[in-house]
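An overview of the molecular structure
The chain contents come next:
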Amino acid sequence: MSLNEGYHNKIEPGAGSAGDDQASGSGNGSARGSTAGDGPSHSTQMHQQMLNETTYLKPSKQAYFSDEKVLIPDDDRTNIGFSFRKLWAFTGPGFLMSIAYLDPGNIESDLQSGAAAKYKILWVLLWATVLGLLMQRLAARLGVVTGLHLAEMCYRQYKRLPRWILWIMIEIAIIGSDMQEVIGTAIAIYLLSNKVVPLWGGVLITIVDTFTFLFLDKYGLRKLEFLFGFLITVMAVTFGYEYIVSAPNQGDVMKGMFIPWCSDCNSDVLLQAVGVVGAVIMPHNLYLHSALVKSRDVDRRQPKKVSEANFYFFIEASIALFVSFIINLFVVAVFAHGMYGKTNQDVLDICANQTMYEDAKLSFTDNNHGNDIINADLYKGGLFLGCTFGAAAMYIWGVGILAAGQSSTMTGTYAGQFSMEGFLNLQWPRWCRVLVTRCIAIIPTFCLAMFSKMEDLTNMNDILNAVMSLQLPFAAIPTIAFTSSAAIMGEFVNGLGNKIVSILLTIVVIGVNLYFVVAQVEALNIEGGLLALVCIFAVLYILFNIYLVIHMAACMGNKRLMNSRWVQRFVLPSQNSFSIKNANSTYARIATNADTDADIMDGEDA
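Residues numbered from 1 in each chain as written. Predicted model: local features only at pLDDT ≥ 70, side-chain atom pairs only at ≥ 80, totals over all residues. Heavy atoms only, no water.

An unreviewed UniProt entry lists the protein chain under the name Protein Malvolio isoform X3, with Drosophila albomicans as the source organism. Entered under Sequence similarities (unreviewed entry) in the UniProt record, the comment concerning the protein chain runs "Belongs to the NRAMP family." (UniProt positions renumbered as here; feature names shortened; annotations may be inferred.)

Below, the structure is given as C-alpha cells:
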C-alpha cells in the first residue's frame, strides 16, 4: 500500500519516525513514486517518507480510542453477503454521533415546532435527518479511507491562517452546542429536584458528571459505547411514554411526515421550520463522526476491507439516525397534540388543581391577560406535561432531558478534543484537554445560569442555533472537498452524482440556515456601530466561504485553479497534493500495470 505523496513530501512537527510507524501495525505504509523531471523511475525505488497515517500524535496522547480498537471478525466465505456479527462490531460510532441529533437544543426546537405548527413541518424534520445522514456518510468515509479525521485532514490541507480560522469557528459551534446541552441538563435537574437545586447548581453537577463519565473509557471502549446506548434507550422510553399517554392522531402524524406542504403557514412557522434544519445538522458532528470511526481496526491496505467498513458504518449510521428521528418525532407530536393553539391562560386553567400551579403562574405569563399563544421551552414543556398528565409525566420528561443533556455534553467534549488534536496538533495529557475543552464551554454557561432568569436561559436557544448555523459551511465544505479529491480518497472518491447531490444539498442547507440567521439578527433590532460590526463580519464571512469553495474546486480537480499561481500560493498546501501525477497515489492504492509485485513488496518492507 502507498500513501498520498502529497501529504508526506514533508514531515511536519510531531510526526512519528519510520521505526515508530512500522511498529504501529497495519494502519501504516510508505509513499512511493518519483517527482516529474527526475528521470526514469527505478522499479525498486523505496518510499522516501514514513508517517503514521492515523495521526501525528503518539498513541498515549489520543482521545477515545487510544487504548484499544474494536476488532472486526474476519469471515472469508464469499457467499456471505451480510454479517450481523460484523454489523455489531461496527456498531457504536453512529449512535454516539446520533446523540447530537438528540441534544436539549434539538428537543426544545422539536417542542417549539409542534406548539407553533402542529404536525405541518414534520416532513422538514424527516428530510433534515436524511440530509444529515448523507453528510455523516461522507465524514465517516473520510475517516475510514484515510485513517485521518476531518480536523487532522484540515491540518494537512489548509494554510495556517485558514486552519486557525476553521478551528476557532468549530470551537464556537461546540461552545454554542455545549451551552444548550448544559442548560438543558440544569433545567432537568431543576425539575427533578423540585427546584431544590438551582440552575447554576445543575451546571456544576453537569461538570462533575461529565468528567466522571469521560474517564470511563479507561475501562473499555465498548463499555463506554454501551453507556451512550443506555442513555439513548432512556430517551426513547421516556419520550415514548409521553407519546403514548398523550395519544396524538396517528393519521395526522403520518400526513405531516410525508406530505411536504405547509398550508396557512405564517412567517413564524417558516422560521420555525428553518430552525429545525439548523438544530438537526450540527457542524462539529461531522468532525466527531470522522474521528469515531477510527476506533475500529480496519486494514486499509485491502480495498475490500475499506469498502466493507464503509458499508457497515453507513448501515449503522442509518439505524442510529432512524432511532433519533423517532425520538424527535415523539417530542414534536406530543406538543403538537397538546400545546398547539393554546394560550397561557388555557394552560393555567389546566393546572388549576395541580401541585405545580404556583410554578405555572410564574411561567405562563404575558402582558395580554394570558391571551398570548404559549412561547414554549423545556421548562414550560415539563410543567405542561405535569399539569395535563400528572406529576409522573413531568418527572419522566425531566429524566429524558437529563439523559439528552448528559450524553450530548460528553460527545461535545469528545468533539472538542478531536478538534484541538487535529487543528493544533496538540499533545496534551487527556485530563488537561478535557479540563480546557470543558471550561471553554462551561464558564459562559455558568455565568448565564447564575445571573439570568429561566426565561432568559430558554430564549437563548434560537440565538445559539443561529450561531451554530453560521458555522455549518466550515464543516460541510471541507468534508465535500476532501471526499471529492482523488488524491485523498483514491478509488473511494465521490462520483459525479455524489458530488452534485452533496453540493446542492449543502447549498440548500446553508442557504436555509443563513435565512434563519438573518431573521434572528433582524429580530434583535441592531443599530449604529453594532450594525456596522455585523456588516463587516458578514463581508469577511462571505469572503472566507469563497476561499473554501475555491479550495474545494481545486480538490475536485479543476485544472485551471490547480495551475493558478495565486491558488497555489495562497490556497493549496505548500506540497501540491492535487497534482495529476499524484492522482493515483492513495491510501487504498491498487497496483497499476507499471507496478510490479516486487515493487510493492519493496515499498512495504521499507
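1. Brief notes about the state of the cysteines
Counted under the stated rule, the structure contains one disulfide. Shown here is the disulfide that connects C351 with C387, its sulfur atoms set 1.9 Å apart. Note on the C351 and C387 pair: the S-S dihedral is about 105°, so by sign convention the disulfide is right-handed. Placement of C351 in the loop between α15 (344-350) and α16 (357-363) and of C387 in helix α17 (residues 378-389) is noted, with a sequence separation of 36 residues between them. Here C351 falls in the buried class, since its relative accessible area comes to 0%. With no disulfide of its own, C154 lies closest to C555 among cysteine sulfurs, the gap being 9.9 Å. According to the relative accessible area criterion, C154 is buried, its value standing at 0%. (Disulfide = S-S within 2.5 Å. Helix = DSSP H or I, 4+ residues; strand = E, 2+ residues; numbered from the N terminus. Buried < 20%, exposed > 50% of the residue type's maximum accessible area, 1.4 Å probe, protein only.)

2. Quick look at the packing of aromatic side chains
Aromatic rings considered in pairs are described by the distance between their centres and by the relative angle of their planes. Under the defined criterion, the tally for this structure stands at 20 aromatic pairs. Considering the side-chain rings of Y190 and Y379, the 5.6 Å spacing of their centres and the 55° angle between planes classify their relative orientation as tilted. Within this pair, whereas Y190 is found in helix α8 (residues 160-192), its partner Y379 is found in helix α17, the two being separated by 189 residues in sequence. By relative accessible area, Y379 is classed as buried at 6%. Judged by centre distance (6.1 Å) and plane angle (10°), the rings of F544 and Y547 are stacked. Of this pair, F544 and Y547 both sit in helix α24 (residues 528-555), separated by three residues, roughly a single helical turn. Take Y547: its relative accessible area is 14%, and that puts it in the buried class. Among the aromatic residues, those joined into a ring-pair cluster are F82, F84, F90, F311, Y312 and F313. The lysine or arginine in question, R222, covers the ring of W88, its NZ or CZ lying 5.2 Å from the ring centre. (Phe/Tyr/Trp six-rings, centres within 6.5 Å; stacked < 30°, edge-to-face > 60°. Lys NZ or Arg CZ within 6 Å of the ring centre and 35° of its normal.)

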